[in-house]
Amino acid sequence: MMQVALIDAGGANLGSVHYALERLGAAVRLVRSAEALHGATRVVLPGVGAAGEGMRRLRAQGLVAPLRALQVPLLGICLGMQLLYEHSDEDHSDGLGLLPGRVRRLAGGPALRVPHMGWNTLDSVAASPLLAGIAAGSPAYFVHSYAAPVSAVCIASCTHGESFAALVQSGRVAGAQFHPERSSAVGARLLSNFLQWNPT
């Protein structure tokens, strides 16, 4: 059975992510310390809220250095994905630095509300085992005001006035800006792909 460490970085999606992983057969344990990471074969970093508070919580739990040193696959979800980057304009906060680049606020516009909230479609950017069974144009559920740019680590994008990274992957590190735990069959497929993923 896959041993999944679920990081408590704050946010209301923690319980629903826990349940979504258990439904796929994973053994999930909630992690609030570096010691609790031991023995995990997958690590998930969910989060809802502000970047500064998310990083403060990770530092307080002594998890920043261990997350940077992980040797198993890591998936960041929503705020958790944003924390994987070097910097966020939200709170002018430094992130974990596992992915290159800067997270910026969505520009929005007269007919474009920020936060970007609700269902939107995924556009394929690059091939990845994480996208197995997820076709271009598949719907996913988003709730966010900040986003990462489409860059070399982006494997799927989305558009809300501007294109942004919806799914990213570099080495053993991956991130989903959307909420797989709220994205029906597409979200379940992504989590299942992550549990089976064996990056080199």
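Up top is the structure.
The structure displayed is predicted, hence computed values, not measured ones. (Residues numbered from 1 in each chain as written. Predicted model: local features only at pLDDT ≥ 70, side-chain atom pairs only at ≥ 80, totals over all residues. Heavy atoms only, no water.)

Draft legend 1. Up close: the nonpolar core. Counting 35 residues, the largest nonpolar core has Leu-21, Val-44, Leu-122, Phe-142, Leu-167 and Phe-178 as the members making the most contacts within it. For this core, the elements supplying multiple residues, two or more each, are β1 (3-7), α1 (14-23), β4 (74-77), β10 (139-144), β12 (154-159), β13 (163-170), β14 (173-176) and α5 (184-196). In terms of residues, this core owes the most to one element, α5, which gives 5 residues. Setting aside chain neighbours within four positions, we find Leu-21 in contact with Val-4, Ala-26, Val-28, Val-44, Leu-191 and Leu-195. One finds Ala-40, Val-43, Met-81 and Val-103 within the second-largest nonpolar core, a separate group that totals 32 residues. (Core = buried A, V, L, I, M, F, W, Y, C linked by side-chain atoms within 4.5 Å. Buried < 20%, exposed > 50% of the residue type's maximum accessible area, 1.4 Å probe, protein only. Helix = DSSP H or I, 4+ residues; strand = E, 2+ residues; numbered from the N terminus. Contact = heavy atoms within 4.5 Å.)

Draft legend 2. The pattern of salt bridges, seen in detail. In total, this model carries 4 salt bridges according to the counting rule given. The partner of Glu-53 in a salt bridge is Arg-56, and the shortest N-O contact between them spans 2.7 Å. With Glu-53 and Arg-56 both in helix α2 (residues 51-60) and 3 residues apart, the pair spans about one turn of that helix. Residues Asp-89 and Arg-102 are paired through a salt bridge, measuring 2.5 Å at the closest nitrogen-oxygen approach. Linking Asp-89 in the loop between β5 (85-88) and β6 (93-94) with Arg-102 in strand β7 (residues 99-105), this pair joins segments that are 13 residues apart in sequence. You can call Arg-102 partly exposed: its relative accessible area is 34%. Beyond isolated ion pairs, a larger network of salt bridges with shared partners links Asp-8, Arg-32 and Arg-57. (Salt bridge = Lys/Arg side-chain N within 4 Å of Asp/Glu carboxyl O.)

Draft legend 3. Quick peek at the environment of His-116. Along the chain, His-116 falls in strand β8 (residues 116-121). Excluding residues that lie within four positions of it along the chain, His-116 makes contacts with Leu-106, Phe-142, Val-143, His-144, Cys-158, His-160 and Phe-164. A distance of 3.1 Å separates the side chain of His-116 from the side chain of Asn-120, its partner in a polar contact. (Polar contact = N/O pair within 3.5 Å; in protein donor to acceptor, adjacent residues only side chain to side chain.)

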